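In case you want the letters, here they are:
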Amino acid sequence: MPTNTPFLKKQYSRNEQFISRQIADEFLLIPLSNQLNGENRLFVLNEVGARIWELIDGGRSVQQIEQLLLEEFDTTPEQLEEDLLRLLDQLQELGAIQIVAE
Amino acid sequence: MSDPERGRGEEKSSVMKDSQQIGDMSAEVWSEQLFQRFQGKPFPLTGQWELTCRCNLKCVMCYTDPFNTPAQISRELSYEEIVRILDEIHAAGCLELTFTGGEPFARRDFLDIYTYAKKKGFLLTIFTNGTLITPRIADHLKAYPPSMIEVSFHGLTRQSFDQITLGHGSYDRCLEGIALILGKGLPLTLKTVGMTINRDEILKIKEFVGGLEENVQYKFGSDIRPKLDGSEDVYQYQLPREEIQAIEQADEEFHADRVQQERCKQEWIDQGKQLCGGGKYKFHIDAYGQLQLCSNNRRRGYDLRQGSFREGFHQFLPEFPCTARQSGQGEPLVNIGTGDSQKKLTETA
């Protein structure tokens, strides 16, 4: 059973300064302000990461996102919760998402 | 809510194990990885779009200048057409676009076009003469920064600069534009076409650029090409090859760049690779919606007003004649496409 209750209650919204694109079979996040030491920086998400990005809408809680993913992917709640925690932390650190409720 | 198409058996677990990972890389590295994976299969990753031939200057060597007339400008793509084509290019997978002219800022709707493309997730470069950049434009570019702004800078004195642009006051306006760009911390490259008029200033311009800010880049070229109306009077400004070599050899960085370019070129030839990416991963669109291999090869075009970008890039562009394509050297023009498709093709001598 999932244990991290405060985390599961959180709701995130996407930062509109990040544009998502699917090119070939790759899912990219492209910052509108894409300069970093003169380089265009890209973030590549895998299939699950891309789905999580799609599900982040400022309204769904992490728990609701988790429930949807459990229906779509073959994994355990524990593993999924751990993955969600890491991915959302990383996205937040990049500034691609922000907490809107917790 | 479950989608049977999503996740398949054991694959699902392995994907989940990687789900915490976000690939963080430069577009250049990502593009290189994509090319390797595609193994030569055409993919329209990068394009150059000549949005207009309109320009406030009349540079003596400019190949688009003959089409800087009201009659020709009236034939150019409208905002609505450009947006539709942008949508198609986006759907086809293009990541990097360069907007050029003419002078792109001479289009009153350029910032609208630029911003639309930016919000679609394109990585954008702007080629400009810099003279039309205002504080308002600089502010807007700061909010939606391009990957690079390349400013043509062909002279280091008012006299030589204006003699090349045929625009009184253009030198001062260009410097003002450069100051606005730098003031906003935007990425900047200055570039010079070496000609008889500025032959003695090229190395001084490079030194001037070196004294700007640390990240400002400089490009020197000597490519002069016939004008779009076919006239070749531009060659009167061309520097002899020996003189260009002398300029390159007089500067350590120029010389190193030349050596590196020649080495790369030879390696590609030895490996049997195509020397130009046109039709492979690059494309060019002119102001009238003609999809072409590159700005320097307009022998054939595919009309994006009549056909789709995807069809043009994948079905027609690979067959367009190109001397830089190893197997295509010396090939005669061939007719491809039939019926409606043929109507989308144009050919110039």
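Quick caveat: nothing in here was measured; it's all calculated off a predicted structure.

Right, let's talk about the overall build of chain A for a bit. From N to C terminus, chain A includes four helices and six strands. Counting from the amino terminus, chain A carries its helices and strands in the arrangement α-β-β-β-β-β-α-α-α-β. Rg of the C-alpha trace for chain A: 14 Å, near the compact-globule value of 13 Å for 102 residues, within the 12% margin. Dimensions of chain A, computed from C-alpha atoms along their principal axes, come out at roughly 45 × 30 × 20 Å. Counting only residues that meet the buried cut, chain A has 32% of its 102 residues in that class. Partitioning the contacts of chain A with sequence separation of at least 6, the portion at a separation of at least 24 is 55%.

Bringing the overall build of chain B into the picture now. Along chain B, the regular secondary structure elements total 13 helices and 11 strands. Counting all 349 residues of chain B, 37% fall into the buried class. Expressed as a percentage of contacts within chain B between residues at least 6 apart in sequence, the contacts between residues at least 24 apart total 70%.

With that settled, the discussion passes to the domain arrangement of chain B. Residue and element names in this part refer to chain B. With domains assigned, chain B is organised as domain 1 (41–239) and domain 2 (282–347). A straight line from the C-alpha centre of domain 1 to that of domain 2 covers 24 Å. Each partner contributes residues to the interface: domain 1 has 19 residues there, and domain 2 has 18 residues. Residue assignment for the side of domain 1 that touches domain 2 shows that the elements contributing at least two residues are β2 (46–50) and α4 (79–92).

So, on to helix α11 (residues 252–270) of chain B. Residues and elements named next belong to chain B. The end-to-end C-alpha separation of α11 is 27 Å, in line with the 27 Å expected for 19 residues at 1.5 Å each. Within α11, only zero of the 19 residues are buried, leaving the element largely exposed. Immediately beyond the C-terminal end of α11, within one or two residues, lies Gly-272, with a positive phi of roughly 70°.

This brings us to helix α8 (residues 170–183) of chain B. All names here are of chain B. With 14 residues, α8 should cover 20 Å at 1.5 Å per step; its first-to-last C-alpha distance of 19 Å lies within 8% of that length. Within the sequence span of α8, burial applies to Ser-170, Tyr-171, Arg-173, Cys-174, Gly-177, Ile-178, Leu-180 and Ile-181. On its buried face, α8 is in contact with α6 (135–143), β5 (148–152), α7 (158–165) and β6 (188–193). Just downstream of α8, Gly-185 is the residue with a positive phi angle, here 70°.

As a further point, take the environment of Val29(B). Residues and elements named next belong to chain B. Mapped onto the elements, Val-29 comes out in helix α2 (residues 27–38). The class for Val-29 is partly exposed, based on 13 C-beta atoms found within 10 Å. Each C-alpha atom of the pair Val-29 and Gly-155 lies 35 Å from the other, and the pair is 126 residues apart in sequence.

This paragraph deals with unusual backbone geometry. For the bond running from Gly101(B) to Gly102(B), omega is 20°, close enough to zero to count as cis. Not every positive phi belongs to a glycine, and Ala24(A) is a case in point at roughly 55°. On the basis of neighbour count, Ala24(A) is assigned to the exposed category, with 12 C-beta atoms found within 10 Å. Look at Leu166(B): it is not a glycine, yet its phi comes out positive at around 55°. Locating Leu166(B) in the fold gives a position in the loop between α7 and α8. A count of 13 C-beta atoms within 10 Å places Leu166(B) in the partly exposed class.

Attention shifts here to the nonpolar core. Residues and elements named next belong to chain B. Leu-124, Leu-291 and Leu-317 are the most contacted members of the largest nonpolar core, which totals 92 residues. Built from parts of two domains, this core gets at least three residues from each of domain 1 (41–239) and domain 2 (282–347). When near neighbours in sequence (up to four residues on either side) are disregarded, Leu-317 contacts Gly-279, Phe-283, Leu-291, Leu-293, Tyr-302 and Gly-312.

All names here are of chain A. Interhelical geometry of helix α2 (residues 47–55) versus helix α3 (residues 62–72) gives an angle of 140° and a closest axis separation of 11 Å. Between α2 and α3, the angle falls in the class oblique. In this structure, the crossing between α2 and α3 has a hand that is right-handed. Contacts between α2 and α3 involve Arg-51, Ile-52 and Leu-55 from the first element and Ile-65, Leu-68, Leu-69 and Glu-72 from the second. Within the contact of α2 with α3, the residues separate by chemical class into five nonpolar, no polar and two charged.

Moving on, we come to the environment of Pro31(A). Tracing the backbone through its elements, the reader meets Pro31(A) in strand β3 (residues 26–31). When sequence neighbours within four positions are dropped, the list of residues in contact with Pro31(A) reads Gln17(A), Phe18(A) and Arg41(A).

Moving on, we come to the pairing of β3(A). All names here are of chain A. Counting buried residues along β3, five of its six residues qualify, which places the element largely inside the surrounding structure. Where strand β2 (residues 18–23) lies against β3, six bridges are found, and the strand directions are antiparallel. Its bridge partner being in β3, Gln-22 is matched across the sheet by Phe-27. Bridging between β3 and strand β5 (residues 39–45) involves three bridges; their strand directions are antiparallel. By the bridge assignment for β5, Phe-27 is matched with Leu-45.

Take the pairing of β6(B) next. All names here are of chain B. Bridge analysis of β5 against β6 gives four bridges, and the strand direction is parallel. Paired with Ile-149 across the two strands is Leu-188, which belongs to β6. Sheet analysis places β6 next to strand β7 (residues 217–221), joined by five bridges and oriented parallel. Paired with Leu-190 across the two strands is Tyr-218, which belongs to β7.

The next point concerns the confidence of the model for chain B. Residues and elements named next belong to chain B. The share of residues in chain B with pLDDT of 70 or more is 88%, and the mean pLDDT across the chain is 87. The low-confidence segment residues 1–17, where pLDDT is below 50, has 26 contacts with residues more than four positions distant or belonging to other chains. Note that pLDDT drops below 50 for residues 327–339; the model gives that stretch 13 contacts with residues more than four away or on any other chain. Across the whole predicted complex the pTM is 0.89, and at the interface the ipTM reaches 0.89.

About the cut-offs
Note that residues are indexed from 1 along each chain, following the sequence as it is written. For naming, the first written chain is A and the first written ligand is 1, with later ones following in the order written. Given that the model is predicted, a residue must reach a pLDDT of at least 70 before its local features are reported, and side-chain atom pairs must reach 80 or more before they are shown or counted; all residues, however, enter totals for whole chains, interfaces and linings. Secondary structure counts use DSSP, requiring at least four H or I residues in a row for a helix and at least two E residues in a row for a strand, with both numbered from the N terminus. Radius of gyration: over C-alpha atoms. The globule rule applied is 2.2 Å multiplied by the number of residues raised to the 0.38 power. To sort residues by exposure, count the other C-beta atoms lying within 10 Å of each residue's C-beta; 20 or more gives buried, 12 or fewer gives exposed, and values between give partly exposed, all with C-beta atoms placed from the backbone. Residues are treated as contacting if the C-beta atoms built from their backbones sit within 7 Å of each other. Segment limits for the domains were obtained from an automatic or database-derived domain assignment. The span expected for a helix works out to 1.5 Å for each residue beyond the first. The term nonpolar core refers to a group of buried residues, namely Ala, Val, Leu, Ile, Met, Phe, Trp, Tyr and Cys, whose C-beta atoms join them within 7 Å. Axis lines are fitted to C-alpha atoms, over the contacting stretch for helices. Their N-to-C directions set the angle, which ranges from 0 to 180 degrees. Relative orientations are named as follows: roughly parallel for angles under 35 degrees, roughly antiparallel for angles over 145 degrees, roughly perpendicular for angles from 65 to 115 degrees, and oblique for any other angle. A crossing counts as left-handed when the near helix is turned anticlockwise from the far one by less than a right angle, and as right-handed when that turn is clockwise. Polar here means any residue other than Ala, Val, Leu, Ile, Met, Phe, Trp, Tyr, Cys and Pro, which are nonpolar, and Asp, Glu, Lys and Arg, which are charged; Gly is therefore polar. If DSSP finds at least two bridges between two strands, the strands pair. In predicted models, pLDDT denotes the confidence assigned by the predictor to each residue on a 0 to 100 scale.

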